[in-house]
Amino acid sequence: MTAQPNYLKAGLAILFVMIGCCSNVIFLELLVKEDPGCGNLINFCQFLIISLEGFITTLRCGTKKIAVPIREYITMVVFFFIVSTANNMAFNFNISMTLHLIFRAGSLMANMILGMIIMHKRYNTQRYVSVGMISLGIAICTIASGKDMKDKADAVVSDGSTGFSDYFWWTVGISILLCALFLSARMGLYQEVLYAKYGKHPREALFFTHFLPLPGYALLMTDLAQHIKLANTSAPVDVLGVGIPIVWLYMAGNVLTQCCCINSVFVLTTECASLTVTLVVTLRKFVSLIVSIYYFGNPFTVTHWFGTFLVFAGTILYSDIPGLIRQSRQQAVKKAD
């Protein structure tokens, strides 16, 4: 007898994925607008809080035996630390939130390419077409954003200033995003190996990938101290008669929504079919993009929209959502018969 899905729990998980993950992007952009270089501080705060929550709920204050040896997590932790740091560092190089979100949606492309090179995987024609669409979409959005940045640089030069530097650092930011994208895909492949060897233990992996990198932030102490000082001197907001620097309020919102997002996605994967998970995650990314464009007034041309369409259409095609829908309908018909 198969267990019946908990529809209330699944529905709440979907709701909190949309609320938590989308609002997390809002707080992230608010933080970046206040201090573009605060990425390391954001990561440190997220890692610290998620580690504390995981130590209490997952490891039960250290009383629960771990399923995967800590040494096996070391490689994944190194990847995770570098990827997280690089993704947030990119905001310091004139990378807009919209372009950042589009690049992050290219994880399927990077995963397929590295899977073919490292693990000698082969895919069907539909997967190759979908990854081609994603790659083309990212390229179109990048070129469009590059043209906008180059035009701004040329305008500054015409005024007698040096505008080349902004465009140059933008290309550095793009390079960082590309490296982070492929390192993230490599981490995913390594995670597949761990799951095949020890079974799936996502909550345990979540804890160790956030806890083990914490000592590494000692190497970034100077940067952290600088941005803590900037956060402390940001404009105060009155909260119950107490003036709290606005950056710390945004930081609290970002960390709390990140915890909500991660835990809700975990519940979603345990309560819902892969079709539902894929649809919700794809929809969440698209909603986050729309919010970034309209709420924050980020520049987005018709060319950007075309590239974005290719990225998300390619993601849906890669996940074979139409096929999964047909399969779900066939299973429903069989049950009815």
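Reading the values: rules and limits
- Counting restarts for each chain: residues are numbered from 1 in the order of the written sequence.
- Reporting of local features is limited, given that this is a predicted model, to residues whose pLDDT is at least 70; pairs of side-chain atoms are given and counted only at 80 or more, and all residues count toward the totals for whole chains, interfaces and linings.
- Hydrogen atoms and water are omitted, and side-chain values are computed over all heavy atoms in the structure.
- UniProt positions are given in the numbering used here, feature names are shortened, and annotations may be inferred rather than shown by experiment.
- Note on geometry: axes are C-alpha line fits, over the in-contact stretch for helices, and angles between N-to-C directions span 0 to 180 degrees.
- Helix numbering and strand numbering both begin at the N terminus, where a helix is a DSSP run of H or I of at least 4 residues and a strand a DSSP run of E of at least 2.
- Roughly parallel means an angle under 35 degrees; roughly antiparallel means over 145; roughly perpendicular covers 65 to 115; every other angle is labelled oblique.
- The handedness criterion is simple: a crossing whose near helix is rotated anticlockwise from the far helix by less than a right angle is left-handed, and one whose near helix is rotated clockwise is right-handed.
- Should any heavy atoms of two residues lie within 4.5 Å, those residues are considered in contact.
- By the convention adopted, Pro, Cys, Tyr, Trp, Phe, Met, Ile, Leu, Val and Ala count as nonpolar, Lys, Arg, Asp and Glu as charged, and the other residues, Gly among them, as polar.
- Note on pairing: two strands pair once DSSP finds at least 2 bridges between them.
- The cut-offs for exposure are 20% and 50% of the maximum accessible area for each residue type, with area from a 1.4 Å probe on protein chains only; residues under the lower value are buried, those over the upper are exposed, and the others partly exposed.

- Under the annotation held in an unreviewed UniProt entry, the protein carries the name UDP-xylose and UDP-N-acetylglucosamine transporter and is attributed to Orchesella cincta.
- Recorded in UniProt under Subcellular location (unreviewed entry), the annotation for the protein is "Endomembrane system".

### Description of the packing of helix 2 (residues 39-57) against helix 3 (residues 70-89)
Here is step 1 of the chain: Interhelical geometry of helix 2 versus helix 3 gives an angle of 135° and a closest axis separation of 8 Å. In terms of orientation, helix 2 lies oblique with respect to helix 3. For the pair helix 2 and helix 3, the sense of crossing is right-handed. Listed contacts from helix 3 to G39, N40, I42, N43 and F47 of helix 2 are F80, S84, T85 and N88.
Here is step 2 of the chain: Here the residues of the contact of helix 2 with helix 3 sort into three nonpolar, six polar and no charged.

### Digging into the pairing of strand 1 (residues 236-239)
Here is step 1 of the chain: Relative to strand 2 (residues 242-245), strand 1 is paired through four bridges, and the arrangement is antiparallel. Across the sheet, D238 pairs through a bridge with G243, a residue of strand 2.
Here is step 2 of the chain: Linking two consecutive strands that pair antiparallel, namely strand 1 and strand 2, is a turn of two residues; a positive phi of about 55° is found at L240 within it.

### Let's talk about helix 4 (residues 97-104)
Here is step 1 of the chain: With seven of its eight residues buried, helix 4 lies for the most part within the structure.
Here is step 2 of the chain: Of all the positions in helix 4, only M97, T98, L99, H100, L101, I102 and F103 are classed as buried.

### Focus: the packing of helix 3 against helix 8 (residues 202-211)
Here is step 1 of the chain: Running from N to C, helix 3 and helix 8 cross one another at 60°; their axes reach a closest spacing of 9 Å. For the crossing formed where helix 3 meets helix 8, the hand is right-handed. Of the residues in helix 8, those in contact with I70, Y73, M76, V77 and F80 of helix 3 are E204, A205, F208, T209 and H210.
Here is step 2 of the chain: Each residue belonging to the contact of helix 3 with helix 8 can be placed in one class, and the counts come to seven nonpolar, two polar and one charged.

### Quick word on the UniProt feature "transmembrane region" (unreviewed entry) in the protein
Here is step 1 of the chain: Residues given the UniProt feature "transmembrane region" (unreviewed entry) here are residues 7-28, 40-61, 73-95, 128-147, 167-185, 205-226, 246-268 and 302-325.
Here is step 2 of the chain: Each end of residues 40-61 is marked by a C-alpha atom, and these two atoms are 27 Å apart; helix forms 82% of the span and strand 0%.
Here is step 3 of the chain: Overall, residues 205-226 shows 59% helix and 0% strand. The separation of its end C-alpha atoms is 31 Å.

### Brief notes about the environment of F103
Here is step 1 of the chain: As for its placement among the helices and strands, F103 is situated in helix 4.
Here is step 2 of the chain: Ignoring anything within four residues of it in the chain, the contact list for F103 reads I138, T142, I174, L177, L178 and L181.

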